[in-house]
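# Architecture at a glance
Listed below, chain by chain, are the residues.
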Amino acid sequence: MNVIVKTIEQTTEEILTLAATHFKVPRAGLQASDDFYKKLGIDSLQALELLTRLENHFGVELPDYEVQGVSDFSTLASRIQARL
Amino acid sequence: MNELTNTMDEYKGKSLSWSVADGVIELALDRAPANEIGLAMLEDLERFITMLPALELKASALIIYSKQKAGFSAGADLRELYAQAQKMEMASAVKGVRDFLNRIHAVMNRLDTSPLTTIAAVHGVCFGGGFELALACDLIVADKMARFCFPELRLGIIPCFGGIPRLKRDIGNAVVRDLLLTGRSINATKALAVGLASQVAAEGEALRVARSTAAQTTKFDRTTAAAAKEFIKPLPAEELRREIELFCELFTRPAVMEALLKFVESTDAMPYLP
């Protein structure tokens, strides 16, 4: 069976696209290094929603303690990549 | 609708409402911001429980859901708990906590053992006491954006509305320990995989799925359904009593008040989240 593994760049791109779609902001305005709390103007409840959407999208589990303190898309992508 | 127009079949209180139609009772939690369970919610739940014997005569199922966007329920009202505790000596505070817990346990136990088929339609946050309310139901229908969590250990306490005994009754101990000892939240897919939820619904569809499930239960003989439920869902009465004792012991520790103070002073919209 061939296993297709996403690259970190692909994972990051999918996160940015998902965040832009869900929070209704232009995709072009989001960068991997952005602080998503500030850039998207979200609180921790919305961050939890984003976490759930990412888990559903990638089919992974992201324990809260692994993303605690994470505020940029790039680090979020590496946390997800580690579970793909 | 105001208090004067409330009837047995239809009621609107400060924090919830209920109605009965086509053999199904719908109990809607509706207290901003996230259905925190404090005295107001407890009193409304007690009112519902008082009416339940009469309601059970005309229904086959009960659906509990939330009208709040944030989710099913964020759990116990910790701000109220802290404010009440600050007004009195610790011995009086513990007495007040024990009284509250005895009352909420009576509500949960009555829901748990109702002859109706009970369904929690869960969306968004289902944390702490809210999770415990869902666990008192026979079935959990989870919106795919639902999130389940027992964050209590972060505050130096344990779940105290019957959560641990009910979780132990329903799912494997390894998952119980994971949820309890890490305080992490899990999504609907995981909840389904571990046997916590019985169905997952698309976003915004949990209530519709719960209604469809409830309609199915109205086709069965109630005596048989109630007997089947009693047979497979025993109340873990002794463990529930021990949970109250353990909570009251832990509650007296200074670390608990410090953690509650930190929670109360947080400016975050949802400070109980990780």
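Structure's up top.
The sections below set out a description of the structure shown in this document. (Residues numbered from 1 in each chain as written. Chains lettered and ligands numbered in written order. Predicted model: local features only at pLDDT ≥ 70, side-chain atom pairs only at ≥ 80, totals over all residues. Heavy atoms only, no water.)

### Observations concerning the sheet that holds strand β8 (residues 139–143) of chain B
All names here are of chain B.
- An order of β1-β2-β3-β4-β6-β8-β11 is seen for the seven strands of this open sheet, with the pairing classed as mixed. With partners counted over all chains shown, the strands left at the sheet margins are β1 (10–12) and β11 (199–201), one partner each. Averaged over all neighbouring strand pairs, the angle between strand axes comes to 20°, with direction disregarded.
- The pairing of strand β3 (residues 24–29) with strand β4 (residues 61–66) spans six bridges and is classified as parallel. When the sheet's bridge partners are listed, A28 is paired in β4 with Y65.
- Most of the contacts of helix α1 (residues 39–56) go to strand β2 (residues 16–21), to which it runs at about 15°, and overall it touches β1, β2, β3 and β4. (Pairing = 2+ DSSP bridges. Helix = DSSP H or I, 4+ residues; strand = E, 2+ residues; numbered from the N terminus. Axes fitted to C-alpha atoms, helices over the stretch in contact; angles between N-to-C directions. Contact = heavy atoms within 4.5 Å.)

### Some points on the environment of A214 of chain B
Residues and elements named next belong to chain B.
- Turning to its location among the elements, A214 is positioned in helix α8 (residues 206–217).
- With 169 residues separating them along the chain, A214 and L45 place their C-alpha atoms 21 Å apart.
- The contact partners of A214, leaving out residues within four places of it in the chain, are V24, A61, I63 and I119.

### Looking at the packing of α1 of chain B against helix α3 (residues 90–112) of chain B
Residue and element names in this part refer to chain B.
- Interhelical geometry of α1 versus α3 gives an angle of 35° and a closest axis separation of 10 Å. The chirality of how α1 crosses α3 is left-handed. Contacts from L39, L42, E43, L45, E46, F48, I49, L52, P53 and E56 in α1 reach F100, R103, I104, V107, R110 and L111 in α3.
- Classifying every residue of the contact of α1 with α3 gives eleven nonpolar, no polar and five charged. (Left-handed = near helix turned anticlockwise from the far one by under 90°. Nonpolar A, V, L, I, M, F, W, Y, C, P; charged D, E, K, R; others polar.)

### Some words on the pattern of salt bridges
Residues and elements named next belong to chain B.
- The final tally for this structure, using the stated rule, is 25 salt bridges over all chains.
- Residue R169 is joined to D170 by a salt bridge in which the shortest nitrogen-to-oxygen separation is 3.5 Å.
- For R169, a relative accessible area of 21% corresponds to the partly exposed category.
- In this structure, R208 and E205 form a salt bridge, with 2.8 Å as the shortest nitrogen-oxygen distance.
- Judged by relative accessible area, which is 51%, R208 ranks as exposed.
- For E205, a relative accessible area of 29% puts it in the partly exposed group.
- Residues joined by salt bridges that share partners form a network here, namely D112, D138, R166, R169, D170, K229 and K233. (Salt bridge = Lys/Arg side-chain N within 4 Å of Asp/Glu carboxyl O. Buried < 20%, exposed > 50% of the residue type's maximum accessible area, 1.4 Å probe, protein only.)

### A closer look at the nonpolar core
- Membership of the largest hydrophobic core comes to 72 residues, with the highest contact counts inside it found for F48, L101, F148, L196 and F251 of chain B.
- A per-element tally of this core places α3 of chain B first, with nine residues.
- For F251 of chain B, the residues in contact, after removing those within four places along its chain, are L81, A85, M90, A93, V94, V97, V256, M257 and L260 of chain B.
- Counting 31 residues, the second largest nonpolar core, distinct from the first, contains L18, L54, L62 and V67 of chain A. (Core = buried A, V, L, I, M, F, W, Y, C linked by side-chain atoms within 4.5 Å.)

### Details of the sheet that holds strand β5 (residues 71–73) of chain B
Residue and element names in this part refer to chain B.
- Pairing is mixed in the open sheet, where four strands are placed in the order β5-β7-β9-β10. The sheet is open, and its two edges are formed by β5 and β10 (185–187), each paired on a single side. Adjacent strand axes in the sheet meet at a mean angle of 20° when their direction is disregarded.
- With three bridges connecting them, strand β7 (residues 125–127) and strand β9 (residues 147–149) associate as parallel partners. Bridge assignment links V125 to a residue of β9, and that residue is R147.
- Contacting β5, β7 and β9, helix α4 (residues 128–136) crosses the sheet at an angle of about 90° to β7.

### Quick word on α1 of chain B
Residues and elements named next belong to chain B.
- Between its terminal C-alpha atoms α1 stretches 25 Å, which fits the 26 Å expected from 18 residues at 1.5 Å a residue.
- A maximum bend of about 35° is found in α1 at T50, where proline P53 lies one to four positions downstream.
- Of the residues making up α1, those classed as buried are M41, L42, D44, L45, F48, I49, L52, L55 and E56.
- Turning to α1, the residues buried within the fold contact β1, β2, β3, β4 and α3. (Expected span 1.5 Å × (residues − 1). Bend = angle between axes of the 7 residues up to and from the residue.)

### Considerations on the packing of aromatic side chains
- All chains considered together, the criterion is met by eight aromatic pairs over all chains.
- Their ring planes at 50° and their centres at 5.4 Å tell us that F36 of chain A and F73 of chain A sit as a pair that is tilted. Taken as a pair, F36 of chain A in helix α2 (residues 36–40) and F73 of chain A in helix α5 (residues 73–81) lie far apart in primary sequence, 37 residues in all. By the burial criterion, F36 of chain A is buried, and F73 of chain A matches it.
- Ring centres 6.0 Å apart and planes at 35° place the aromatic pair F100 of chain B and F161 of chain B in the tilted group. Linking F100 of chain B in helix α3 with F161 of chain B in the loop between β9 and α5 (163–170), this pair joins segments that are 61 residues apart in sequence.
- The buried category is assigned to F100 of chain B, whose relative accessible area is 16%.
- Aromatic ring contacts, followed pair by pair, group F36, Y37 and F73 of chain A into a single cluster. (Phe/Tyr/Trp six-rings, centres within 6.5 Å; stacked < 30°, edge-to-face > 60°.)

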